[in-house]
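Architecture at a glance
Below are the chains, spelled out letter by letter.
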Amino acid sequence: MLRRARKTPDWRQTQGLNLATDTASLVLGIETTCDETAAAVVERRSDGSGRILSNIVHSQIEDHAPFGGVVPEIAARAHVDLLDGIVARAMQQAAVNFKNLSGVAAAAGPGLIGGVIVGLTTAKAIALVHNTPLIAVNHLEAHALTPRLTDALAFPYCLFLASGGHTQIVAVLGVGNYVRLGTTVDDAMGEAFDKVAKMLGLPYPGGPQVERAAASGDAERFAFPRPMLGRPDANFSLSGLKTAVRNEASRLSPLEPQDINDLCAGFQAAALESTADRLHVGLRIFRERFGAPHALVAAGGVAANQAIRGALQQVATAAGTQFMIPPPALCTDNGAMIAWAGAERLALGLVDSLEFAPRARWLLDANVTTPAKFANTRAGF
Ligand code: KG4
Ligand code: ZN
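Residues numbered from 1 in each chain as written. Chains lettered and ligands numbered in written order. Predicted model: local features only at pLDDT ≥ 70, side-chain atom pairs only at ≥ 80, totals over all residues. Heavy atoms only, no water.

**A look at the overall build of the protein**
Across its full length, the protein holds 11 helices and 10 strands. Relative to a compact globule of 381 residues, whose C-alpha radius of gyration would be 21 Å, the protein shows 20 Å and is just as compact. If one aligns the C-alpha atoms of the protein with their principal axes, the spans along those axes are about 65 × 45 × 30 Å. The proportion of buried residues among the 381 residues of the protein is 59%. In the protein, the share of contacts with a sequence separation of at least 24, taken over all contacts with a separation of at least 6, comes to 74%. Carbon together with sulfur atoms contributes 53% to the accessible area of the protein, which is approximately 15,100 Å² in total. Positive and negative side-chain charges in the protein, numbering 33 and 34 respectively, have mean positions lying 6 Å apart. (Helix = DSSP H or I, 4+ residues; strand = E, 2+ residues; numbered from the N terminus. Rg over C-alpha atoms; globule rule 2.2 N^0.38 Å. Buried < 20%, exposed > 50% of the residue type's maximum accessible area, 1.4 Å probe, protein only. Contact = heavy atoms within 4.5 Å. Areas by Shrake-Rupley, 256 points an atom, 1.4 Å probe, with all protein chains shown as cover. Lys, Arg positive; Asp, Glu negative; His and termini not counted. Charge placed at Lys NZ, Arg CZ, Asp CG, Glu CD.)

Structure (structure tokens):
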């Protein structure tokens, strides 16, 4: 239920940053969808530009590392323990009082449902007690809108989102107006990095470990497949490549350190080549459907990978568009991106009722297109 009729704005109307209805706002944002407990206060000025007043992120990696991955129950309990203190710190650091807030935003999904419930319920309590609007934010939308906070990027642009749970190419056409151009049909890219790391005995989270090992490895030693190469759609697939690494690793077992480096280098090179090809196709589809994008933007933990960043830069240059990447702390999960997405929605009058239900799955383009073929896969949410 919405306080006001939810409108899906046409991207042509929201293309510029100046909206006639704009007023300045101050929004508290809460993020608890995975293993980061985070809160931030962001200001959105009336010209549409943004400023981060505070951004507190507590990573629970140490709690989950012994298990080799995020344990939902442990994450939810940690959010309960930590969130109040983190919200208080965010408010204090921003020197903002609850009564000065224009709204409170929480990531209402997609994500691990226990954590989402903790964050959304906390936001609802603040909204109720301080009589301020609630904005239920799609976590993916928050990643998608971050370059408007950091660089005042105008619509439309192309987003490559690659994290532990998502791998998508998205046409970002306006607030609330997203079209998924490609998605993974099996594993998310960060998930594949993590699983490869685990099978090679490297600690969690595996992405940075695989990147480090790959730097000393020979990418040519193994002829790993390049998934989806040359396919006319812009989808990804990573499980076949992951299995090829597993097969090679068990053939070589016991592994020498150089074997591990070479396996990581081979895996990363194949993932990278496939990504470049998929983005090349994605940008072509974007141009055919929506005209030239203002930028190719990368977000999500995998975007921290230097080799992948280099490949994305090349793809953007070849497509005649600029490559943009928010600073690392705003690429990975954080509260500022939730606050900012909340502020963008608030400026359009898009607020939500206190009955808004948390969502484990929530397609970014659910309001705009029919669900993609792979909507029910883990990585397709
Ligand atoms: O966005 P993020 O911090 O959290 C979510 O998954 O939402 O992304 C974490 C993922 C993990 O799978 C991690 O292994 C991967 O991003 N990652 C990397 C690198 N740094 C983090 N993958 C490849 N190379 C990296 N340098
Ligand atoms: Zn995320």
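**Section: the pairing of strand β2 (residues 36-44)**
Where burial is concerned, most of β2 is hidden: nine out of the nine residues are buried. On β2, burial covers both faces: Glu36, Ala38, Ala40, Val42 and Arg44 on one face and Thr37, Ala39, Val41 and Glu43 on the other are all buried. In this structure, strand β1 (residues 25-31) lies alongside β2, joined through seven bridges in antiparallel fashion. Looking at β2, one finds that Glu31 is bridged to Ala38. The turn linking β2 back onto strand β3 (residues 50-59) is made up of five residues, and Gly48 within it adopts a positive phi angle of 90°. (Pairing = 2+ DSSP bridges.)

**Some remarks on the coordination of the zinc ion (ligand 2)**
Angles between donor atoms at a metal ideally measure 109.5 degrees for a four-coordinate tetrahedral arrangement and either 90 or 180 degrees for a six-coordinate octahedral one. Within the protein, the atoms that donate to the zinc ion (ligand 2) are His139 (NE2), His143 (NE2) and Asp333 (OD), at distances of 2.1 to 2.2 Å. A relative accessible area of 14% means that Asp333 is categorised as buried. (Donors = N, O, S within 2.8 Å, 3.2 Å for Na, K, Ca; no water.)

**As for the site of ligand 1**
Around ligand 1 there are 16 residues in total, and Gly164, Asp194, Gly207, Glu211 and Gly301 lie nearest to it. The backbone of Gly164 places a nitrogen or oxygen atom 2.7 Å from an oxygen atom of ligand 1. At 3.1 Å from an oxygen atom of ligand 1 is found a side-chain nitrogen or oxygen belonging to Asp333. Put simply, the parts of the chain that give the shell around ligand 1 at least two residues each are α5 (189-199) and α6 (206-214). In terms of residue count, α6 provides more of the shell around ligand 1 than any other element does, four residues in total. Along the lines of polarity and charge, the residues of the shell around ligand 1 split into three nonpolar, 10 polar and three charged. (Near = heavy atom within 4 Å. Polar contact = N/O pair within 3.5 Å; in protein donor to acceptor, adjacent residues only side chain to side chain. Nonpolar A, V, L, I, M, F, W, Y, C, P; charged D, E, K, R; others polar.)

**A short note on the pairing of strand β8 (residues 177-183)**
Counting buried positions along β8 gives seven out of seven residues, so the element sits mostly inside the fold. Relative to β8, strand β7 (residues 167-174) is paired through six bridges, and the arrangement is antiparallel. Bridging from a neighbouring strand, Gln168 pairs with Thr183 of β8. Where β7 hands over to β8, the hairpin turn is made up of two residues, of which Gly176 adopts a positive phi near 80°.

**Here's the deal with the domain arrangement of the protein**
According to the domain assignment, the protein consists of domain 1 (11-154 + 329-362) and domain 2 (157-324). Taking only C-alpha atoms, the centre of domain 1 and the centre of domain 2 are 27 Å apart. Every contact between the two is made by 25 residues of domain 1 and, on the other side, 26 residues of domain 2. One can count five residue pairs in polar contact (both at pLDDT 80 or more) joining domain 1 with domain 2. Put simply, the parts of the chain that give the side of domain 1 that touches domain 2 at least two residues each are α4 (139-151) and α11 (335-347). For the side of domain 1 that touches domain 2, the residue count by class is 14 nonpolar, five polar and six charged. (Domains from an automatic or database assignment.)

**Some remarks on the nonpolar core**
Generally speaking, a soluble globular protein has its nonpolar side chains buried in company with each other. By size, the foremost hydrophobic cluster in this structure holds 53 residues, and its most contacted members are Phe160 and Met189. No other element matches the 15 residues that helix α8 (residues 257-290) contributes to this core. The residues touching Met189, leaving out its near neighbours within four places in the chain, are Phe160, Ala162, Ser163, Thr167, Phe236, Leu238, Thr275, Val302 and Ile308. By size, the runner-up hydrophobic cluster in this structure holds 38 residues, among which are Ala107, Phe155, Val297 and Ala341. (Core = buried A, V, L, I, M, F, W, Y, C linked by side-chain atoms within 4.5 Å.)

**Structural notes on the sheet that holds β8**
If you walk across this open sheet you meet the five strands as β8-β7-β6-β9-β10, and the pairing is mixed. If you trace the sheet from one side to the other, it starts and ends with β8 and β10 (323-324), each paired once. α4 contacts β6 (157-162), β7, β8, β9 (296-299) and β10 of the sheet and is inclined by roughly 125° relative to β6. (Axes fitted to C-alpha atoms, helices over the stretch in contact; angles between N-to-C directions.)

**A few points about the side chain of His143**
As for its placement among the helices and strands, His143 is situated in helix α4. Once residues lying within four places of it in the same chain are set aside, the contact partners of His143 are Leu159, Leu161, Ala299, Gly300, Cys331, Thr332, Asp333 and Met337.

**Focus on the confidence of the model for the protein**
Low pLDDT means the predicted atomic positions in that stretch should not be read closely. Chain-level pLDDT for the protein is 90 on average; 90% of the residues reach the 70-or-more range. Note on residues 1-21: pLDDT is under 50 here. Beyond four places in sequence and across chains, it has 56 contacts. Across residues 368-381, confidence stays below pLDDT 50; counting only partners more than four residues off in sequence or on other chains, it has 46 contacts. (pLDDT = per-residue confidence, 0-100.)

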